[in-house]
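# Fold and geometry: a report
One-letter residues, chain by chain:
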Amino acid sequence: MGKIGGFKEYTRTDEENVAVLERVKNYNEFTIPLSKDKIKEQGSRCMDCGIPFCHSGCPLGNLIPDFNDMVHQEEWQSALEILQSTNNFPEFTGRLCPAPCEKSCVLGIIAEPVAIENIEKASLKEVLLKAG
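Residues numbered from 1 in each chain as written. Predicted model: local features only at pLDDT ≥ 70, side-chain atom pairs only at ≥ 80, totals over all residues. Heavy atoms only, no water.

### Thoughts on the environment of Glu-74
Assignment of secondary structure puts Glu-74 in the loop between α5 (64–72) and α6 (76–84). Residue Glu-74 is classed as partly exposed on the basis of its relative accessible area, which comes to 31%. Taking C-alpha positions, Glu-74 is 21 Å from Thr-93, a pair spaced 19 residues apart along the chain. Dropping the residues within four chain positions of it, Glu-74 is found in contact with Lys-36 and Lys-40. (Helix = DSSP H or I, 4+ residues; strand = E, 2+ residues; numbered from the N terminus. Buried < 20%, exposed > 50% of the residue type's maximum accessible area, 1.4 Å probe, protein only. Contact = heavy atoms within 4.5 Å.)

### What to know about the packing of helix α3 (residues 36–44) against α5
Their axes nearest at 7 Å, the elements α3 and α5 cross at an angle of 140°. With respect to α5, the element α3 is oriented oblique. The two elements α3 and α5 cross, and the hand of that crossing is left-handed. Each of Ile-39, Lys-40, Gly-43 and Ser-44 in α3 lies in contact with α5, whose residues at this interface are Asn-68, Val-71 and His-72. For the contact of α3 with α5, a count of residues per class yields two nonpolar, four polar and one charged. (Axes fitted to C-alpha atoms, helices over the stretch in contact; angles between N-to-C directions. Parallel < 35°, antiparallel > 145°, perpendicular 65-115°, else oblique. Left-handed = near helix turned anticlockwise from the far one by under 90°. Nonpolar A, V, L, I, M, F, W, Y, C, P; charged D, E, K, R; others polar.)

### Details of the environment of Lys-25
Among the secondary structure elements, Lys-25 is positioned in the loop between α2 (20–23) and β2 (31–32). Along the chain, Lys-25 and Gln-77 lie 52 residues apart, while their C-alpha atoms are 34 Å from each other.

See the structure below:
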């Protein structure tokens, strides 16, 4: 899944937060999403680990390596369909879940784990942007 050796080529990148003094002025989203290229890069970090412990780490059983692979290939609609096969509300859980899947990521043994939560949120955003 992802790019062969992508986990060695790219480092983990997380969203930035809007400064506190700015975000208290409104009720808008306070994270600054990663660019489409950065999300694709993060999806490519998912390695073909053999036993994806992220599945058991996810309370919903999301098919994380499959969905990361679709993001890596920029197949945004397919990524969303994979998410929705195990989760009726990925638009909520992508924001609320504490991401135990990331703690279960095999890559986390030797490096920073795959940014699964950010990839999930970005996949939804990309599909929505294309839809309308």
